[in-house]
Amino acid sequence: MDYEKKFMRKAIALSIKNITKGGGPFGAVIVKDGKIVSTGVNRVTVCTDPTAHAEVNAIRKASKKLGTFDLGGCEIYTSCEPCPMCLGAVYWAHLDKMYYGNTKTDAKKIGFDDSFIYDEIELKPENRKVKTIQLLPNEAIKAFDKWTKTEAKIEY
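The following refers to the structure shown. The structure presented is a predicted model; accordingly, all values stated were derived computationally and were not measured.

## With respect to the layout of surface pockets
For the largest pocket, the calculated volume is near 310 Å³. If you trace the largest pocket, you find 18 residues lining it, with F26, N42, H53, F112 and D114 closest to the centre. Going through the elements one at a time, α2 (44-47) and α5 (104-109) are the ones with two or more residues in the lining of the largest pocket. Tallied by class, residues from the lining of the largest pocket come to eight nonpolar, six polar and four charged.

## Brief notes about helix α7 (residues 137-149)
Working note: α-helix, 3.6 residues per turn, so residues spaced by three or four point in the same direction. Taking 1.5 Å of rise per residue, the 13 residues of α7 would be expected to cover 18 Å, and the 19 Å separating its terminal C-alpha atoms lies within 8% of that figure. Little of α7 sits out of view: just zero of its 13 residues are buried.

## Regarding helix α3 (residues 54-66)
In this model, α3 (13 residues) spans 18 Å end to end at C-alpha, consistent with the 18 Å of a helix rising 1.5 Å per residue. Taken together, the buried positions of α3 are A54, E55, V56, N57, A58, I59, A62 and S63. Against β1 (27-32), β2 (35-41), β3 (74-80) and α4 (84-92) lie the buried residues of α3. One or two steps after α3, the chain reaches G67, where phi turns positive at roughly 70°.

## Some thoughts on the packing of α3 against α4
At a minimum axis distance of 8 Å, the contact between α3 and α4 shows a crossing angle of 25°. Here α3 is positioned roughly parallel relative to α4, judged by the angle of their axes. In this structure, α3 crosses over α4, and the sense of that crossing is left-handed. Along the contact surface, α3 presents E55, V56 and I59, while α4 presents M85, C86, A89 and V90.

Thresholds applied
Residues numbered from 1 in each chain as written. Predicted model: local features only at pLDDT ≥ 70, side-chain atom pairs only at ≥ 80, totals over all residues. Heavy atoms only, no water. 1 Å grid on protein atoms, 1.4 Å probe; cavity = no way out; pocket = protein on both sides within 12 Å on 5 of 7 lines; lining within 4 Å. Points joined across faces, edges and corners; volume = space filled by probe spheres on them. Helix = DSSP H or I, 4+ residues; strand = E, 2+ residues; numbered from the N terminus. Nonpolar A, V, L, I, M, F, W, Y, C, P; charged D, E, K, R; others polar. Expected span 1.5 Å × (residues − 1). Buried < 20%, exposed > 50% of the residue type's maximum accessible area, 1.4 Å probe, protein only. Contact = heavy atoms within 4.5 Å. Axes fitted to C-alpha atoms, helices over the stretch in contact; angles between N-to-C directions. Parallel < 35°, antiparallel > 145°, perpendicular 65-115°, else oblique. Left-handed = near helix turned anticlockwise from the far one by under 90°.

This is the structure we're talking about:
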């Protein structure tokens, strides 16, 4: 567990340092074969990018550095249990394991409440807070049909 604690402490240190740099209190570290591949911190307000969460930033850097969208063989250490977007990114990146420090309940207590997103996901699209309307499905399906018939595709 010393190995894991070392990388978690790095994620925590990043989260603390990021506060002094105008970002939120979140940090993440991606590790492969016992070595740090990338780090990320929350830059939402600094970059005016609502997707600039620590985990997403770390995943983007790791993918670029390793030259792949599949981060299988890697682990992520994050200072807080990921929000729904970041959790989705962890799965899409195919990370092998995730360690986290603070819980989503801890985050909620300081104003980072994602519970409404989890609630929204459970609703039918027409019942969600963001007005959601399906439009031109018969035209949109053509891209999926073409994808299905394409032999030279890279699946992910």
